[in-house]
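The lines below spell out each chain.
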Amino acid sequence: MEESNDLMQQRKEKVNEIRDAGINPYPHQYTPTHSTTLIHKEFEDADETPNEDSKVTIAGRIMTKRDHGKSSFAHLQDSGGQIQIYIRRGNVEQDSYQIYRKVDVGDIIGVSGTVFRTRTGELTILADSIELLSKSIRPLPEKWHGLQDKQTRYRQRYADLIMNPEVKDVFIKRTKIVQAIRDMLNDDNFIEVETPVLQPIYGGASARPFTTYHNTLDQPLYLRIANELYLKRLIVGGFDRVYEFSRDFRNEGMDRDHNPEFTMLELYQAYADYQEIMELTENLIAQTVEKLHGTTKIQYQEQELDFTPPWNRITMVESIKQNSDFDPESLSDDELYTKVVNAGIELAGDESKGEIIAELFDTFVEDKLIQPTFIYDYPIEVSPFAKKKPENPEYVERFEFFISGMEVGNAFSELNDPIDQRQRFLEQASNLEKGDEEAFMVDEDYLRALEYGMPPTGGLGIGIDRLTMLLTDQYSIRDVILFPQMRPES
RNA sequence: GAGCCGUUAGCUCAGCAGGUAGAGCAUCUGACUUUUAAUCAGGUGGUCACAGGUUCGAUUCCUGUACGGCUCACCA
């Protein structure tokens, strides 16, 4: 139902009055010569005397209004900032003066005039003509406290962006982060590709998918949980370096660092192993931080993070030994299981040794990894697409990196042995049958691709939302996603 | 999924040990031709989230529901 109140009613009546006066409250076009940013730059040295050389035309939203009888001041906001305008009866065209008397805070107007500096030193446009460009009928939040309510800010991001310039700044930085990464990869001969979002078989990660249905094909489809297997098909096809900024979907809980849809950069480089990918990762991210901040040391919440390469590197097992009194490798499977249960960690009972090791890592290590750290060499059971370590087949060549206690990326030397990969798929399929909702199905077409032969390849995934949180000092993933997932308003 | 907290005017917030509400800003009327949280005078504006219960009487106490926040769990 349409929401209304007295304030909106008043404004709707004003729209009618404006129309009755022969003015279109929603005209089609306007041509500004300047933005607020350009004016501040170009007229930095302006003095208190307006002159004809400083004529500008600008468009924006009225954010404040201070009327003084026959003169008035207002602030106009455009995408780059604000500038004050000064309307003075006797100085502005008669029609424009009448229009100005009808406009409200929130309206979008065009102003032509000359730039000068008021005696309090503020750069200001002395208006000589004004046009109404769009009449606002819904009042903006208050000028002083602005819009605070988080629910409203997330649901009505447009209002949040109008009222809170620092929010806009976060999203501009997000774009710059993506652009910096894209530029570096392009310069490094990576090719950006697009792969299916709707997939007949989901895979490439452990997660519950969203399911949908294609009517004409008469078949279920899944929204991708990862694009990994498609990018590796392209490596088979002869693209030696590919990447994609992939919107992925996982049907799981939401919290400070999980949103049901999120953005992951995945890249694959033929002939590289995970050691080379580690170097690529720390350089890619350190350079992104440098481009954004001019330094590789930044503040995140209460912590100073140092992205300067090389980052800490430690194996998963060693990190557990350092942070707990567990030494998984010195114990038999049964001894380890008993010790873990005695330590009060809940297990279902059917975990493999590798799964227990991953559990120990989560419990004792993950949230202690504040500075950028590579954790490498993972148990094979939790890594179905990574290549075994030559000297120890219980572990694979895989790393993840953690910053501020958060997992930000995942990488491995990609498994390219089709026989081994089939075996790993079969284990997943069997876990799926046992009720593991995050296991996945055998992807025969992917196996067929591997059977043609995939070069040795290193692959990497980076959580772009989480990286953005770190580089923009935001506590919640909802503050780096323009429209975070919310329950419907009642 | 669990615990705690929140929801009062367009916005930001008070308040009520139970007697159907108040401020600032915004808005409306008037005054004011360099203000910047402009100022001054006067006015309008509320299903106190929703539904039950207790009570002579509930915005206030109790229960439930919805939505949100934080923490934990789940989740790579």
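What you are looking at is a predicted structure, and each value in this text was computed from that prediction instead of being measured.

A short note on the pattern of salt bridges
Part 1: Within the structure shown, the criterion is met by 31 salt bridges.
Part 2: Its salt-bridge partner being Lys-173, residue Asp-169 comes within 3.4 Å of it at the nearest N-O pair. Here Asp-169 and its partner Lys-173 are both found in helix α6 (residues 165–187), four residues apart, which amounts to about one turn of the helix.
Part 3: Residue classification places Lys-173 among the partly exposed residues on the basis of a relative accessible area of 24%.

Some details on the pairing of strand β18 (residues 406–413)
Part 1: Of all eight residues in β18, six are buried; the element is thus mostly enclosed.
Part 2: With six bridges connecting them, strand β17 (residues 392–403) and β18 associate as antiparallel partners. Residue pairing in the sheet places Ile-403 in a bridge with Met-406 of β18.
Part 3: Counting the residues between successive antiparallel strands, the hairpin from β17 to β18 contains two residues, one of them, Ser-404, with a positive phi of roughly 55 degrees.
Part 4: Looking at chain direction, β18 and strand β19 (residues 457–463) are connected through five bridges and run antiparallel. Note on β19: the bridge partner recorded for Phe-412 is Gly-459.

Comments concerning the domain arrangement of chain A
Part 1: Examined at the domain level, chain A breaks down into domain 1 (2–140) and domain 2 (163–324 + 365–479).
Part 2: Each of domain 1 and domain 2 was reduced to a C-alpha centroid, and the two centroids are 48 Å apart.

About the thresholds
Residues numbered from 1 in each chain as written. Chains lettered and ligands numbered in written order. Predicted model: local features only at pLDDT ≥ 70, side-chain atom pairs only at ≥ 80, totals over all residues. Heavy atoms only, no water. Salt bridge = Lys/Arg side-chain N within 4 Å of Asp/Glu carboxyl O. Helix = DSSP H or I, 4+ residues; strand = E, 2+ residues; numbered from the N terminus. Buried < 20%, exposed > 50% of the residue type's maximum accessible area, 1.4 Å probe, protein only. Pairing = 2+ DSSP bridges. Domains from an automatic or database assignment.

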